[in-house]
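Reading the structure
Next come the chains, spelled out residue by residue.
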Amino acid sequence: MSTPGADAGDTADSNTGTGRSVPARDPGRFGRLSAAVGRRVITALILVTVVFLIGPVVFTFVASFAGEWTGVLPSGFVTLDNWKQALGLSSTLGASRGLGGSTTIPIIGATIPLPETLSLSMALALGGVFINLLVGVPIAYAVTRYDFYGQSWLNTFAVLPVVPGIILGIAFLRTYPNFPSAVALMIGYSLLKAPYMVLAVQSSFESMDLRQIEESARSLGASWPRTFLTVVVPNAKQGILSGAIVCWTLAAAEFNFSYIVYSRGPKPFSLFLFENISNNPFLRAAAAISIYFLIVVVVTALLRSTGERGFSIGGVR
Amino acid sequence: MATRDESAPLGRFRTGLASLLAPTTERDRSRRRIAALAAPFLVLATFGAFVPLATMVRMSTSASNFAIEGLTLAAYERLFTSILAAVPGAGIDANPVYGEVIWNSLWFGAATTLASVVIGVAIAHGLEKYDLPREGLLVTLISFPISLPGIVAAFMMIVWFGKTGLLTNVLTVFTGAGPNAVALTGQPSGTLLAITGLFFGYLYSMIPRATFLLRGSYAEVNTDAEEAARSLGATPWQTFRYVTLPQIRPGIVGALILTFRTALAIFGTVLVLKALSVVTFRFSQEISVGFDLQMASALATVFFVFTVLFTFLSLRLTSAEVAG
């Protein structure tokens, strides 16, 4: 990797050479520039990125309370019409296109209208999380606690989202054509979100001395299944909880897979969002999307209370 | 019936199974535990992934569109002729549409990956090295879009760059051009403005992921070496170039690989913004227009094999961390 110039020693500017060469004392023009403004440039970049990422979220939320948007900015604050229509609570023409109408459920004296699509989607996602718990906690324990043949491959398959959602959707089309949409969606959600569960639970297990915990419990006379269920799992409840929350939120919003697989029956939430974005007036779409923002904000707050720092678990989807 | 050659592995399998069911040694018992712990995941992976993927591969070679029957490679033949036809100078006369969508996916994915990882390095550097006020809040805000599906990312771009979008309004005032000339979304597919809008849509999803993959490697940087370099008179840039960068290089390579994967799999954003036909967008066209399931399956098979090989080979060859 050494350049001939660096060997000859007659080129003064080795700063532009390869990584192996010793840097010159003179920082050069770029070095002086970066020393002067580097910190400010990077701080500004961070601020611009945060505004780029969060600005439209805030704007969408605020605009969802506006009456109309015909000029530069929306106007006619504050109205709840968009929200009522998006939630399917108002009996206008557009409400039938909202969250699929609402069922009223009686809860001790009061009846609460419950938007159908929203509750169905939450239930589907919950089903996916339930499968994930059964599948993710044991596999996370196996690859963290034991050394065995093929362990690293199994670990890779468990934590890396190997199949993109849209590919899995196409694969499901001919394989399970007779499954009700709800069942196919639940299986798909659990498979696609399993890595998030495994990673979260694994990080809990890694902070515990598993071998010692297990051996103490065993030496006190507990059988191995009993040790696993009553000692190991409760100790990892923080990771399990945060994994479940992340999986649930991501499953509720999983679009790529749902779009391909969904055929009939009540619509998943992500398809409702898509229909709002592509067909409905801007402000009602804003209200529909704001529903999901609210869910994520609540979930992030929950995650903070379990000690996680937001949706930072896992990098890929 | 069984010859000696067949009975040896069969016998070993039988004793292996027997030791799983009725373990005698402690080693057998721990193997049984591992099997029991891995079983639910393997069941889900088999019925949720392996069987459907195998069916998909089989479907791509089926002669009928409505059932799996017969064996033909017609879909692959069409696919590969189309890819070759898109190569300039190959001299093959066919519709190059599949070659074009694959090329679009690759160059657009590479461009957005490079941009997001560069920005991700800068953000991770700033978050890790500078004492920024409200750092926890910044981290939460930057991670927020990880939870948003691609269709919502596309909507966010409409809020910024649509014909009545916030930035479009600003640009309209400053340049005097009409909103139709400066809006980045809602333009005809394939135009430079529309593709720029989609580029930002991809960045919206990928910058948070790249940043968080890189924060992991920044957490492991040896700060003593950096301080030594600074106290010996190196400028911040030299410190970064010669001390920090070599340490986070594996992290950067891992982030490039995993972010590129994400870029290839983005679908919702393209479906809403319709600026460039990429492979994932082509799937929905194959299925919604004409329900050409063989072609969709063949394209999906090639796409899947490519992503898996790319991810595993590059992660193995560069020994980058798998998980973020």
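Residues numbered from 1 in each chain as written. Chains lettered and ligands numbered in written order. Predicted model: local features only at pLDDT ≥ 70, side-chain atom pairs only at ≥ 80, totals over all residues. Heavy atoms only, no water.

Turning our eyes to something else, we now look at the overall build of chain B. Helix and strand counts for chain B stand at 14 helices and zero strands. Moving toward the C terminus, one meets the helices and strands of chain B in the order α-α-α-α-α-α-α-α-α-α-α-α-α-α. Relative to the globule expectation of 20 Å for 324 residues, the C-alpha radius of gyration of chain B, 26 Å, shows a markedly less compact shape. For chain B, the spread of C-alpha atoms along the principal axes amounts to about 85 × 60 × 40 Å. For chain B, buried positions account for 52% of its 324 residues. The long-range share in chain B, meaning contacts at least 24 apart out of those at least 6 apart in sequence, stands at 60%. When the accessible surface of chain B is summed, it comes to about 14900 Å², and 66% of that surface belongs to carbon and sulfur atoms. (Helix = DSSP H or I, 4+ residues; strand = E, 2+ residues; numbered from the N terminus. Rg over C-alpha atoms; globule rule 2.2 N^0.38 Å. Buried < 20%, exposed > 50% of the residue type's maximum accessible area, 1.4 Å probe, protein only. Contact = heavy atoms within 4.5 Å. Areas by Shrake-Rupley, 256 points an atom, 1.4 Å probe, with all protein chains shown as cover.)

Moving on, we come to the packing of helix 9 (residues 192-218) of chain B against helix 11 (residues 236-265) of chain B. All names here are of chain B. One can describe the packing of helix 9 onto helix 11 by two numbers: an axis separation of 9 Å at closest approach and a directional angle of 140°. Relative to helix 11, the element helix 9 lies oblique. Of the two possible hands of crossing, helix 9 and helix 11 adopt the one that is right-handed. Together, Y202, M206, R209, A210, L213, L214, S217 and Y218 of helix 9 and F240, T244, I248, G251, I252, A255, L258, T259, T262 and A263 of helix 11 make up the contact between the two elements. A class-by-class count of the residues in the contact of helix 9 with helix 11 yields 12 nonpolar, five polar and one charged. (Axes fitted to C-alpha atoms, helices over the stretch in contact; angles between N-to-C directions. Parallel < 35°, antiparallel > 145°, perpendicular 65-115°, else oblique. Left-handed = near helix turned anticlockwise from the far one by under 90°. Nonpolar A, V, L, I, M, F, W, Y, C, P; charged D, E, K, R; others polar.)

Residues and elements named next belong to chain A. For chain A, mean pLDDT is 78; residues scoring 70 or higher make up 79% of the total. Here helix 1 (residues 4-8) stands out as the least confident element of chain A, with mean pLDDT 41; helix 11 (residues 256-261) is the most confident, with 90. Low pLDDT, under 50, characterises residues 313-317; the predicted model gives this stretch 23 contacts beyond four residues in sequence or across chains. (pLDDT = per-residue confidence, 0-100.)

Another aspect to go through is the interface of chain B and chain A. With 95 residues of chain B at the contact, the number on the chain A side is 102 residues. Carbon and sulfur atoms make up 77% of the area that chain B and chain A hide from each other, which totals about 8500 Å². Counting the surface chain B buries against chain A, the share from its top three residues, L37(B), F41(B) and F155(B), is 9%. Taken together, chain B and chain A are joined by zero salt bridges. Viewed at the interface, chain A and chain B are joined by six residue pairs in polar contact (both at pLDDT 80 or more). Here the side of chain B that touches chain A is composed, by residue class, of 68 nonpolar, 21 polar and six charged. (Buried area = accessible area lost by both parts, 1.4 Å probe. Salt bridge = Lys/Arg side-chain N within 4 Å of Asp/Glu carboxyl O. Polar contact = N/O pair within 3.5 Å; in protein donor to acceptor, adjacent residues only side chain to side chain.)

This brings us to the side chain of S314(B). All names here are of chain B. Looking at the secondary structure, you find S314 in helix 14 (residues 293-318). One polar contact links the side chain of S314 to the main-chain carbonyl oxygen of F310, over a distance of 2.2 Å. At 3.3 Å, the side chain of S314 and the backbone oxygen of T311 are in polar contact. In this structure, S314 is in contact with I257 and L309, ignoring residues within four places of it in sequence.

Residue and element names in this part refer to chain B. Summed over all chains, the structure comprises six salt bridges over all chains. In this structure, the salt-bridge partner of R31 is D28, at a minimum N-O distance of 4.0 Å. Separated by three residues within a single helix, R31 and D28 lie in helix 2 (residues 26-60), roughly one turn from each other. Across the pair R282 and E286 runs a salt bridge, and its minimum N-O distance is 3.0 Å. Taken together, the positions of R282 and E286, both in helix 13 (residues 279-288) and four residues apart, correspond to about one turn of that helix. Residue classification places R282 among the buried positions, given a relative accessible area of 18%.

Our focus in this paragraph is a nonpolar patch on the surface. Taken together, the side chains of F30(A), L33(A), V37(A), V41(A) and W237(B) define a hydrophobic patch exposed on the protein surface, amounting to about 450 Å² of accessible area. Here W237(B) lies in helix 11. (Patch = residues over 30% accessible without salt bridge, like charges linked within 9 Å, V, L, I, M, F, W, Y side chains within 5 Å.)

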